[in-house]
Amino acid sequence: GCFLLWLLPSILRARASPQTRPSSPRCQQSPMKVSCKGVGLRKFPKELGQGIKYLELSNNFIQNLSGSNMPGFGQLEYLDVCFNQLEAVSATALAQLPRLHSLLLGSNHLDRNYLANGEAFHLLRNIEVLDLSVNNLESHMASWYISNLTSLRVLDLSGNTMTKVLAGTFQNLPRLRQLDLSNNYIMEIREGAFEPLEELEVLNLALNSLYCISGFSLMQLRVLNLSHNALELFSSEEGVEPYLLRVLDLSHNRLLSFPELLRAHDLTHLNLSNNLIASLLPGSPHPREFVPLYKEMQRFNRTVHPAAVLTHVADLDLSNNCLEVFPFSFFHSLGSLHSLSLARNCLQDVARESVSNDTELSMRLLDLHSNALRVLPRWFFNYLPHLESVDLGPNSLQPCESQGSDQGRDLGGDSHTSAPGDTCTPFYSVPRLRHLSLSKNNISRLQPHAFNGTPLLSLDLSGNRDLSMPTGALGGLELSLQELSLKDNQMDEGQAALPCLGTLRVLDLSGNHLSLLPTGLFCSPLESLDIRNNSLQTLETVGSWSHSLRAVSVAGNPWSCCSLGWLDT
């Protein structure tokens, strides 16, 4: 009886309907989709049967695709064999996949047997998406693999060992729209290499070794990534036809000046971070040690604003450069600018040059953190009436007092830069400012009503050692402020006089010397309170927030074991 019971499952399987598809117990199956990802396969699972359109075999140990292992897959449209040990693909195997349109072969060993494999690839008449990334392919190998794929729309050759882009590499890919050549060793792009790609819209050349882009002529391109190269020059081709480029990433290069983009009228996102740009003003001399290495550099007319035609740019990143002055005249021409980052430069001053008094910039987000700014004149905020968020820490800015004082009311007057005697920045009466960071500005004392008339929702004053906040310092924020950070200021309770902040929901008081919480807090509907690393022994007043508080951090305080009743609350 035991023997028969043990044998019964085998008998039932033998009597099953012949239409029932045999299956691998480790694969996940649906009528047309099978995933055998990471199940330890060493060969193609031919037992899966008819009708499958989507097959995932990534993260296995498959070494070859041969025709004998692939019967009955004539309906297959999508095949993923990434992260295997694939080194051989036979023509008979690909001939059995007439409907295949997506083939993912990344992270294999297709540099081996590339001649025979490339010959087999000529049978992929209908392939639209091909991933050959991370296969140790050299330039000529990649060219051979794709030499006859006339239907290809998306091609990934990233992470290989290509050193140049040959002139005929893409001559038979007229429909290609997306091309990824990132993370290779490309130092040279032969003239005319991209000319056959008349439908190309997205090109990724990041993480290569390009040092010069001269005569850029891909008019139809929408997205271009050239980040993490060694570019010293980026120049467009002379002519009148406009570029369709919308996104350009030139970050992490060696650019010495703002690139000439005279026909990129549709550009909306421009990333120039992590370069060597020292000035944005026209006519600015190059550094003394700079010698023009390329004839294209000598023909530039630096009396014209390089941003004059960038009227649609909404996002501009100039962080991590060598700028010393914030030039308003440069950004004035960027009429659609929404977000600007000048973080981690060497900014010491702001200059408006010939900008008229009625000039207004459209930006809403401004990042100036980690510079050397000591003062921002009143006109700075007058020219930014739409500003909603500004990050100014770390710098060396001291907020002015607003009530009962003329100090800072119109700092700098009509001068083009900050007046030498100015010592504080007016943050009051900035009508649309919602988010402000003044962390690590060495602010020793916050003046009364420093933010009066500015409807802040969040304020970061963290990292200002020994900050003193007298009564009224936050006056004017009682009905707007929702988030406040006073972290790591080493304040005691005598230095932290807070008003009744009726909308405050998030408060960070960690890293101070408080033995008591400020009394003004108890009318705030706090939801999150961080009081770590203070000198608190009890928290009896926590009952004020019993219905609103959701998160509280209390570690690093010398709590008294005789006064823990607040834990019940």
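Within an unreviewed UniProt entry, the label attached to the protein reads LRC32 protein, and the organism entered is Panurus biarmicus.

What follows is about the pairing of strand β16 (residues 233–236). Burial along β16 is two-sided: the residues L233 and S235 and F234 and S236 are all buried. Here three bridges tie strand β14 (residues 212–216) to β16, and the two strands are oriented parallel to one another. Bridge pairing links I213 to F234 in β16.

Secondary-structure assignment places S102 in strand β7 (residues 102–104). In this structure S102 comes out as buried when scored by relative accessible area, which is 7%. Only 2.9 Å separates the side chain of S102 from the side chain of H101, close enough to count as a polar contact. Sequence-distant contacts of S102, defined by excluding residues within four places in its chain, comprise E77, Y78, L79, I127 and V129.

Looking at the protein, pLDDT values average 86 and 86% of them are 70 or higher. Throughout residues 1–23 the model reports pLDDT below 50, and contacts reaching past four residues in sequence, or to other chains, amount to nine contacts. With pLDDT under 50 throughout, residues 404–421 is counted as low confidence; its partners more than four residues away or in other chains account for 41 contacts.

Attention now goes to the packing of aromatic side chains. Taken as a whole and assessed by the stated rule, the structure comprises 18 aromatic pairs. With a centroid separation of 5.6 Å and an interplanar angle of 75°, the aromatic rings of F326 and F380 are classed as edge-to-face. With a gap of 54 residues between them, F326 in strand β20 (residues 325–327) and F380 in helix α7 (residues 378–382) connect regions that are remote in the sequence. Exposure class is identical for F326 and F380. Each is buried. Judged by centre distance (5.3 Å) and plane angle (85°), the rings of F380 and F381 are edge-to-face. According to the relative accessible area criterion, F381 is buried, its value standing at 4%. Each residue in the set F258, F326, F328, F330, F331, W379, F380, F381, Y383, F427 and F451 is aromatic and connected to the rest through ring pairs, giving one cluster.

Moving on, we get to the state of the cysteines. Going through the model one piece at a time under the given rule, you end up with three disulfides. In this model, C500 is linked to C523 through a disulfide, with the two sulfur atoms separated by 1.9 Å. Taken together, the residues span a long stretch of sequence, with C500 in the loop between β27 (483–485) and β28 (506–508) and C523 in the loop between β28 and β29 (528–530) at a distance of 23 residues. Indicated for the protein is the disulfide connectivity 1-2, 3-4, 5-6, based on numbering the bonded cysteines in sequence order. A disulfide-free cysteine, C322 has its sulfur positioned 5.6 Å from the sulfur of C346, the nearest such atom. Its sulfur unpaired, C561 is 6.7 Å from the next cysteine sulfur, which belongs to C562.

To continue, consider the environment of R352. Looking at the element boundaries, R352 is found in the loop between β22 (349–351) and β23 (365–367). Taking C-alpha positions, R352 is 9.9 Å from V325, a pair spaced 27 residues apart along the chain.

A separate point is helix α3 (residues 114–121). When we look at burial in α3, the residues that qualify are Y114, N117, G118, A120 and F121. The arc that holds the buried residues of α3, viewed along the axis, is 155°, so those residues lie on one side. Exposed and facing more than 90 degrees away from the buried side of α3 are L115 and A116. Here the buried face of α3 lies against β6 (88–89), α2 (91–95), β7, β8 (129–131) and α4 (139–145).

With an omega of -5°, the peptide bond running from G393 to P394 counts as cis. For P394, the position within the fold is in the loop between β24 (389–391) and β25 (435–437). Positive phi values are uncommon outside glycine, yet L207 reaches one of about 60°. Assessed through its relative accessible area of 42%, L207 is described here as partly exposed.

All right, on to the pattern of salt bridges then. A complete count under the given rule lists six salt bridges for this structure. E388 is the salt-bridge partner of R364, the closest N and O atoms lying 3.7 Å from each other. Placement of the pair is R364 in the loop between β22 and β23 and E388 in the loop between α7 and β24, with a sequence separation of 24 residues. For R364, a relative accessible area of 28% gives the class partly exposed. Between D530 and R532 there is a salt bridge whose closest N-O contact spans 2.6 Å. Owing to a relative accessible area of 10%, D530 belongs among the buried residues under this scheme.

Definitions and limits used
- Residues numbered from 1 in each chain as written.
- Predicted model: local features only at pLDDT ≥ 70, side-chain atom pairs only at ≥ 80, totals over all residues.
- Heavy atoms only, no water.
- Buried < 20%, exposed > 50% of the residue type's maximum accessible area, 1.4 Å probe, protein only.
- Helix = DSSP H or I, 4+ residues; strand = E, 2+ residues; numbered from the N terminus.
- Pairing = 2+ DSSP bridges.
- Polar contact = N/O pair within 3.5 Å; in protein donor to acceptor, adjacent residues only side chain to side chain.
- Contact = heavy atoms within 4.5 Å.
- pLDDT = per-residue confidence, 0-100.
- Phe/Tyr/Trp six-rings, centres within 6.5 Å; stacked < 30°, edge-to-face > 60°.
- Disulfide = S-S within 2.5 Å.
- Arc of directions from axis to C-beta.
- Salt bridge = Lys/Arg side-chain N within 4 Å of Asp/Glu carboxyl O.

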